[in-house]
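Single-letter residue listing:
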Amino acid sequence: MSNTNISPPPVWTDREKLIFRLFFLFFILQAIPLSVDFFKTVFGFNWLHISYGDIFNLSRLSAKFIPGADSLVNWIIVAIIALIGAAAWERSKYKNINYDRFYYWLRVVVRYRLAIGIIGYGFIKFFPLQAPFPSISNLNTSYGDFTDWKIFSMSLGIVPSYETFLGAIEILAGLLLFFRKTATIGAAIILVFTGNVFISNLAYEGGEYVYATYLITFALFVIWFDARRIYNLVSLERPTDPNRFKPHFAGKIKTLRLALKSLIIFFFVFLYGFKTYSGFHHDPYQFPRTKGLAKSAGIYNVSEFRVNGQVLPYAAVNPLRWKDVVFEKWATISIRSDRGVIIDSANYEQVFKNDQDRDYELAGAGGRHYYSYTVDSVNHVLFLHNKNPHYKGERLQLKYERPDSVTVILSGTDQRHDSIYVVLNKIDKKYPLKLSRRKALKL
């Protein structure tokens, strides 16, 4: 690569070189996270049958040295490594490199990483997967039993067209970042959009504020390239020089650059977009894929409840007595009772392939215990497993009978190994949210 300059570029001072070396290492380490998670993700999925979840997980990677949710501690570790690296660089024979050229390539890495990160979220919103319509269990949970984050997520889920609009904004911003001349516009959009996401996460106690900050810092770095010129021209109304550094590619370098750019756009835009569209229709990731007991979906009143042969009448404060039961379309049963629930607070975006890992329906919600189940249709037995990680190992085995289309009778042992007998009657409940929000309703 060579560059043609209309006039000589500004000379870098020693202080600017020092700052650049520090930021160069910091952003490179953040953009190419060579952590354990990176190798687990890259080598953990089948590239011949790649799913939208695989691509999303790849697009969301950031430097991580501590397992679990994103943490600013990882940033401190990266900053320390960058600081040590910058000091070593200062004492090496490479201290007098072409800083204009390195700045150009760092900016390329940062804007491509930012584009991939924002498009990763864009498509799961454009095809409204990230915040799905509330489940039957969620619609039958008291408002006060939800965390702030879950209320925010469900509020977005009931307006899928708005969620699609938000996704389109993210995709547009990402596409603009792939091109040098429009990168600043794309970064400005992300700064406004993701700044709002950051504030929302703080306000609603979401778990994405660290990753939102990650994207914001990348956007600020991209904008900084033009910020002084824009300020000089727009605010001070002074004559402003354009960017003098224009890279020139020729021969194999030009071909390689076009090939890499085409590959990245194909993989993270066209392939990912197609896979996400397919997933929206066939495998939304927030809820389990396995279908539940046939023709059972709905909410059921508990008309009779016996423990060890003793009838327990309805009582608002009895932790043993079930109040109502929901059968979802998928293989989940939720039970509402007075038994306390330790809320699963996992509230940052994760795309899981396996049903047992998909926890959106119970995350951030109390009031109900959620069980995944398998069906032995020959012996008419349900094998229930509490999905909440705080109740790991809690299992129930219940024999079921269906004397008619609206009644389910369950019998077996509960989590205390007491024998139970439960008669459930399906409630013909109408949900105004599903019927219409703008027309007169007859319930």
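From a predicted model like this one, the values you see are computed outputs, not experimental measurements.

Colleague: Mind showing me how you'd approach the packing of helix α5 (residues 99–126) against helix α11 (residues 251–282) here?
Modeller: Two measures define how a pair of helices packs: the angle their axes make with one another and the distance between the axes. The contact between α5 and α11 brings their axes to 9 Å, and the two run at 10°. Accordingly, the angle class assigned to the pair α5 and α11 is roughly parallel. Contacts between α5 and α11 involve Y112, I116, I119, G120, F123 and I124 on the former and, on the latter, K261, I264, F268, V269, Y272, G273 and T276. Here the residues of the contact of α5 with α11 sort into 9 nonpolar, 3 polar and 1 charged.

Colleague: I tried to follow the pairing of strand β5 (residues 322–327) on my own but got confused; where do I start?
Modeller: Consecutive side chains of a regular strand alternate in pointing toward one face of the sheet and then the other. Across the 6 residues that make up β5, a large majority, 6, are buried. Where strand β3 (residues 298–307) meets β5, 4 bridges bridge the pair, whose relative direction is antiparallel. Residue pairing in the sheet places I299 in a bridge with V326 of β5. When β5 meets strand β6 (residues 332–337), the two strands line up antiparallel, connected through 5 bridges. Bridge pairing in β6 links V326 to S334. The loop that links β5 with its antiparallel partner β6 comprises 4 residues.

Colleague: Quick question: what am I supposed to make of the packing of aromatic side chains here?
Modeller: To describe a pair of aromatic rings, you give the distance between the ring centres and the angle between the ring planes. Tallied over the full model, the rule gives 40 aromatic pairs. Considering the side-chain rings of W12 and Y99, the 5.5 Å spacing of their centres and the 35° angle between planes classify their relative orientation as tilted. With W12 in the loop between β1 (2–4) and α1 (14–31) and Y99 in helix α5, this pair connects stretches of sequence that are 87 residues apart. Relative accessible area serves as the criterion here: at 3%, Y99 is assigned to the buried category. Both rings, one in F20 and one in Y103, keep their centres 6.1 Å apart while their planes meet at 75°; by these two values the pair is edge-to-face. Remark: Y103 occurs in helix α5 and F20 occurs in helix α1; sequence separation between them is 83 residues.

Colleague: Can you walk me through the packing of helix α3 (residues 52–59) against α11 in this structure?
Modeller: Two numbers describe how α3 lies on α11: the axes approach to 8 Å, and their chain directions differ by 135°. By the angle between their axes, α3 is oblique relative to α11. Read as a crossing pair, α3 and α11 show a hand that is left-handed. Residues Y52, I55, F56, L58 and S59 of α3 pack against F267, F268, L271, Y272, K275, T276 and G279 of α11. Tallied by class, residues from the contact of α3 with α11 come to 8 nonpolar, 3 polar and 1 charged.

Colleague: Looking at this structure, I do not really get the confidence of the model for the protein. What am I missing?
Modeller: Any segment with low pLDDT has predicted coordinates that should not be analysed in fine detail. Averaged over the protein, the pLDDT score is 91; the fraction of residues at 70 or greater is 96%. By mean pLDDT, β1 is the weakest element of the protein at 48, and helix α8 (residues 160–177) is the strongest at 97. Predicted confidence for residues 2–6 stays below pLDDT 50, and this span has 14 contacts to residues more than four positions away or in other chains.

Colleague: Explanation requested: the layout of surface pockets in the structure shown.
Modeller: Which parts of space are left empty comes out when a probe the size of a water molecule is rolled across the atoms. In this structure, the largest pocket encloses a volume near 1,400 Å³. Residue lining of the largest pocket: 38 residues in total, with Y103, W224, F225, R228 and R229 positioned closest to the centre. With 8 residues, the single largest contributor to the lining of the largest pocket is helix α10 (residues 209–235). Residue lining of the second largest pocket: 30 residues in total, with Y112, R113, I116, L260 and I264 positioned closest to the centre. Listing elements by their share of the lining of the second largest pocket, those giving two or more residues are α3, α5 and α11.

Colleague: What is the right way to read the pairing of strand β10 (residues 407–413) from this model?
Modeller: Across 6 bridges, strand β9 (residues 395–404) lies against β10 in antiparallel orientation. Within β10, the position partnered with L398 by the bridge is G412. What sits between β9 and β10 in their antiparallel hairpin is a turn of 2 residues. Across 7 bridges, the pairing between β10 and strand β11 (residues 419–426) is antiparallel. What sits directly across from T407, in β11, is N425. Hairpin connection between β10 and β11: a loop of 5 residues separates the two successive antiparallel strands, and H417 in this loop has a positive phi of roughly 70°.

Quick notes on the rules
- Residues numbered from 1 in each chain as written.
- Predicted model: local features only at pLDDT ≥ 70, side-chain atom pairs only at ≥ 80, totals over all residues.
- Heavy atoms only, no water.
- Axes fitted to C-alpha atoms, helices over the stretch in contact; angles between N-to-C directions.
- Helix = DSSP H or I, 4+ residues; strand = E, 2+ residues; numbered from the N terminus.
- Parallel < 35°, antiparallel > 145°, perpendicular 65-115°, else oblique.
- Contact = heavy atoms within 4.5 Å.
- Nonpolar A, V, L, I, M, F, W, Y, C, P; charged D, E, K, R; others polar.
- Buried < 20%, exposed > 50% of the residue type's maximum accessible area, 1.4 Å probe, protein only.
- Pairing = 2+ DSSP bridges.
- Phe/Tyr/Trp six-rings, centres within 6.5 Å; stacked < 30°, edge-to-face > 60°.
- Left-handed = near helix turned anticlockwise from the far one by under 90°.
- pLDDT = per-residue confidence, 0-100.
- 1 Å grid on protein atoms, 1.4 Å probe; cavity = no way out; pocket = protein on both sides within 12 Å on 5 of 7 lines; lining within 4 Å.
- Points joined across faces, edges and corners; volume = space filled by probe spheres on them.

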